[in-house]
Amino acid sequence: MERRKNVIPGDVITSGPFRPEQNVILEDKNIISTVVGVSEIYDDTVRVIPFAGKYIPKIDDLVVGKILSHTSLSWELDINSCYVGFLPAQDVFGRDFSAHADELTSKLKQGDMVAVRIANFDRTRDPLVTIGDRDLGKIDNGILVKISPGTIPRLIGKKGSMIQMIENATDAAVTIGQNGWVVVSCESTEGLLKAKEAVIMVDQKAHVANLTEEVKKMLESRNES
Amino acid sequence: MGGRDATMVLLDENGIRCDGRKVDEPRKIMIKAGGLKNADGSAYIEFGDNKILVGVFGPRDVHPKHMSNTDTGILRVRYHMEPFSVGERKRPAPSRREIEISKVIKEALEPAVLLKRFPRTAVDVFIEVLQADGGTRCAALAAASVALADAGIPMRDMVAACAAGKVADTIILDVNNEEDQAGQADMPIGYMPGLEKITLLQLDGVLTPEEYKKCVRVGIEGCKIVYELQKKALAEKYFGGSS
């Protein structure tokens, strides 16, 4: 049986004893895709990587956000979703934060990019995000590449294979937000542009099999020239 | 309306209809997914002489806020006919008929879309009829479900739609404008072929129980034809033709 398959909503992926995961539903005994994308069967789980759709926050996801505005107690972040991220000031200033003594704009201004983690999210409240963790915080340099949130798993690859390959070939540091915003930074302009191109290529060719090979070829071809 | 002969024969002795089709033959259908840059998802359908454009936004914030639901996302549909879509200028304000069709299409899509995952949000579907020639609600419904899939809204199945009807005491597939005006019955059907479930069924006219059953059967066959074209349209956009 084919492991990968192009599917659209309503397509039966399989009817075996599998566990339905992302973007699939169990209807009677059939596992049905709910979106346009590529189906994957891993061990005993079935999931579909979507080609379109908005990002839906999930607890513990690392996302890249942009500061929209702030109140005296918190910032609001655009996280490329239908909900806005909510970053409380205590998270940045620490427990001894005081609303009159500390000025929020001294740490993060409107338009700043930040790497954050979704700390809490439920159906009644907007997602609460945190920057109090390793690798998180304000992003000072790099370029922002916006891709479809659905293709993020493809960009990461199996156990990070795809992204490691891109990073090794270009010496770039790539911060991947699960919301489809990717920040690429690199000391050399050449590596920066190449890594950016690779990220865009993964997004556009997400449905192609053996994508890792193709990206590898692209990265190598430019190295020689 | 239209340029066709007013004293036409709806069904001749050879079983050929006023526009040259057989009794079980749908009109020429063309569906295209995508096409609008600023909408999250879009679709264009040509269903015979019907030309309909659909744009989908969302999931996004609900305005006005009081409409939002903390348990689920909501679906909003606007069906609108352009002033130039029919023979005589149609006033652009929503008419009684357009409000009804908006509601009917919304309720036909609701069983398919999975909005539980997007609480406090709305998915907006905008349907613009550029040219109308009978059976726009079916064509609009078929295009709307392609546009929803294009926007990445999760769905149980695509909703296909097609009408069946009765003309000259015969059950026919895909009623056009003349047959709708002069015929005996018109039955638009919305159908999820994968799940074998009907989501829209209306009937204008009088049918015997036998005719009714046949009409539903014929309409569902039409929906299956539309379904294949919907799948093709999405495959063309996302997989470059291969499914």
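The rules behind these values
- Residues numbered from 1 in each chain as written.
- Chains lettered and ligands numbered in written order.
- Predicted model: local features only at pLDDT ≥ 70, side-chain atom pairs only at ≥ 80, totals over all residues.
- Helix = DSSP H or I, 4+ residues; strand = E, 2+ residues; numbered from the N terminus.
- Rg over C-alpha atoms; globule rule 2.2 N^0.38 Å.
- Contact = placed C-beta atoms within 7 Å.
- Buried ≥ 20, exposed ≤ 12 C-beta atoms within 10 Å, placed from the backbone.
- Pairing = 2+ DSSP bridges.
- Axes fitted to C-alpha atoms, helices over the stretch in contact; angles between N-to-C directions.
- Domains from an automatic or database assignment.
- Nonpolar A, V, L, I, M, F, W, Y, C, P; charged D, E, K, R; others polar.
- pLDDT = per-residue confidence, 0-100.
- Expected span 1.5 Å × (residues − 1).
- Parallel < 35°, antiparallel > 145°, perpendicular 65-115°, else oblique.
- Left-handed = near helix turned anticlockwise from the far one by under 90°.
- Core = buried A, V, L, I, M, F, W, Y, C linked by C-beta atoms within 7 Å.

Would you mind going over the overall build of chain B with me for this structure?
Each helix and strand in chain B was counted, giving four helices and ten strands. Mapped in sequence order, the helices and strands of chain B form the string β-β-β-β-α-β-α-β-β-α-β-β-β-α. Expected size for 243 residues packed as a compact globule is a radius of gyration near 18 Å; at 18 Å, chain B falls within 12% of this value. Seen through its C-alpha atoms, chain B measures out along the principal axes to roughly 55 × 40 × 40 Å. For chain B, contacts bridging at least 24 residues in sequence account for 70% of all contacts bridging at least 6.

Mind showing me how you'd approach the overall build of chain A here?
In terms of helices and strands, chain A carries five helices and 16 strands. The dimensions of chain A, computed from C-alpha atoms along their principal axes, are 65 × 55 × 25 Å. Within the span of chain A, comprising 225 residues, buried residues form 39% of the whole. Partitioning the intrachain contacts of chain A with sequence separation of at least 6 by distance along the chain shows that 56% fall at a separation of at least 24.

Explanation requested: the sheet that holds strand β5 (residues 30–33) of chain A in the structure shown.
Remark on secondary structure: sheet strands pair via backbone hydrogen bonds, oriented parallel or antiparallel. Residues and elements named next belong to chain A. In spatial order, the strands read β2-β5-β4; together these three strands make up an open sheet with antiparallel pairing. Edge positions in the sheet fall to β2 (12–14) and β4 (24–27), since each has one partner strand and no second. Here the strands of the sheet are splayed against their neighbours by 40° on average, with no regard to which way each runs. When β2 meets β5, the two strands line up antiparallel, connected through two bridges. By the bridge assignment, T14 is partnered in β5 with I31.

Is there a simple way to think about the sheet that holds strand β14 (residues 143–146) of chain A in this case?
Residue and element names in this part refer to chain A. On the basis of which strands lie adjacent, the open sheet formed by three strands has the order β14-β16-β15 and antiparallel pairing. Both edges of this open sheet fall to β14 and β15 (173–176), since each of them pairs with a single strand only. On average, each strand axis in the sheet is inclined to that of its neighbour by 25°, with strand direction left out of account. The pairing of β14 with strand β16 (residues 181–185) spans four bridges and is antiparallel. In the strand pairing of β16, V145 is matched with V182.

So what exactly am I meant to see when it comes to the domain arrangement of chain A here?
Often, the extent of an interface is quoted as the loss of accessible area on bringing the components together. Domain boundaries in chain A define domain 1 (4–50), domain 2 (62–139) and domain 3 (143–224). For domain 1 of chain A versus domain 2 of chain A, the separation of C-alpha centres amounts to 35 Å.

Help me understand the interface of chain B and chain A, please; the structure alone is not making it clear to me.
Contacts between chain B and chain A engage 27 residues on the former and 21 residues on the latter. Counting residues per element, the ones that place at least two in the side of chain B that touches chain A are β3 (50–61), α2 (136–150) and α4 (209–239) of chain B. Examining the composition of the side of chain B that touches chain A, we find that five residues originate from one element, α4(B), more than from any other. Its residues assigned to classes, the side of chain B that touches chain A shows 14 nonpolar, six polar and seven charged.

Sorry, what's going on with the confidence of the model for chain A here?
A low pLDDT score tells you not to read the predicted coordinates there in detail. Averaged over every residue, the pLDDT of chain A is 88; residues scoring 70 or more account for 97%. Considering each helix and strand of chain A separately, the mean pLDDT is smallest for helix α5 (residues 211–224) of chain A, with a value of 79, and largest for β5(A), with 94.

Quick question: what am I supposed to make of the pairing of strand β11 (residues 113–122) of chain A here?
Consecutive residues of a regular strand have side chains that alternate between opposite faces of the sheet. Residue and element names in this part refer to chain A. Sheet analysis places strand β8 (residues 62–70) next to β11, joined by five bridges and oriented antiparallel. For V63, the partnering residue across the bridge sits in β11 and is V116. Note that β11 and strand β12 (residues 125–130) share four bridges and pair antiparallel. Note on β12: the bridge partner recorded for R117 is T130. Here β11 folds back onto β12, and the loop between the two strands holds two residues.

Sorry if this is basic, but what is going on with α4(B) here?
The periodicity of an α-helix, 3.6 residues per turn, causes residues three or four places apart in sequence to face the same way. Its 31 residues place the ends of α4(B) 44 Å apart at the C-alpha level, agreeing with the 45 Å of an ideal helix rising 1.5 Å per residue. Once α4(B) ends, the next one or two residues include B:G240, with phi positive near 65°.

So what exactly am I meant to see when it comes to the pairing of strand β6 (residues 37–42) of chain A here?
Bridge count for strand β1 (residues 4–7) of chain A against β6(A) is four bridges, and the pairing is antiparallel. When the bridges of β6(A) are listed, A:V7 appears paired with A:G37.

Mind showing me how you'd approach the environment of A:G16 here?
Residue placement: A:G16 occurs in the loop between β2 and β3 (19–20). Distance from A:G16 to A:G65, taken between C-alpha atoms, is 40 Å for residues 49 residues apart in sequence.

Would you mind going over the packing of helix α1 (residues 96–109) of chain B against α2(B) with me for this structure?
Helix packing for two helices is described by the angle between their axes and how far apart those axes are. Residue and element names in this part refer to chain B. Interhelical geometry of α1 versus α2 gives an angle of 45° and a closest axis separation of 10 Å. Judged by the angle between their axes, α1 and α2 are oblique. Crossing of α1 over α2 shows right-handed handedness. Contact residues: I101, V104, I105, A108 and L109 in α1; R137, A140, L141, A144, S145 and L148 in α2.

Even after reading the chapter, I still don't get α2(B), so can you show me in this structure?
Between its first and last C-alpha atoms α2(B) spans 21 Å; for 15 residues at 1.5 Å apiece the expected length is 21 Å, and the two agree. With 15 of 15 residues buried, α2(B) lies mostly within the body of the structure.

I'm lost on the environment of B:I105 in this one. Help?
Residues and elements named next belong to chain B. For I105, the position within the fold is in helix α1. Look at I105 and you get buried, because 28 C-beta atoms sit within 10 Å. Between the alpha carbons of I105 and F126 there is a distance of 11 Å; along the sequence they are 21 residues apart. Setting aside residues no more than four positions away along its own chain, I105 makes contact with V77, Y79, R137, A140, L141 and A144.

Would you take a moment to explain the nonpolar core for this structure?
For soluble globular proteins, nonpolar side chains are generally found buried alongside one another. Grouped together as the largest cluster of nonpolar side chains are 126 residues, with contacts concentrated most on B:V54, B:A140, B:A143, B:A144, B:L148 and B:A161. For this core, the element with the most residues is α2(B), which contributes eleven residues.

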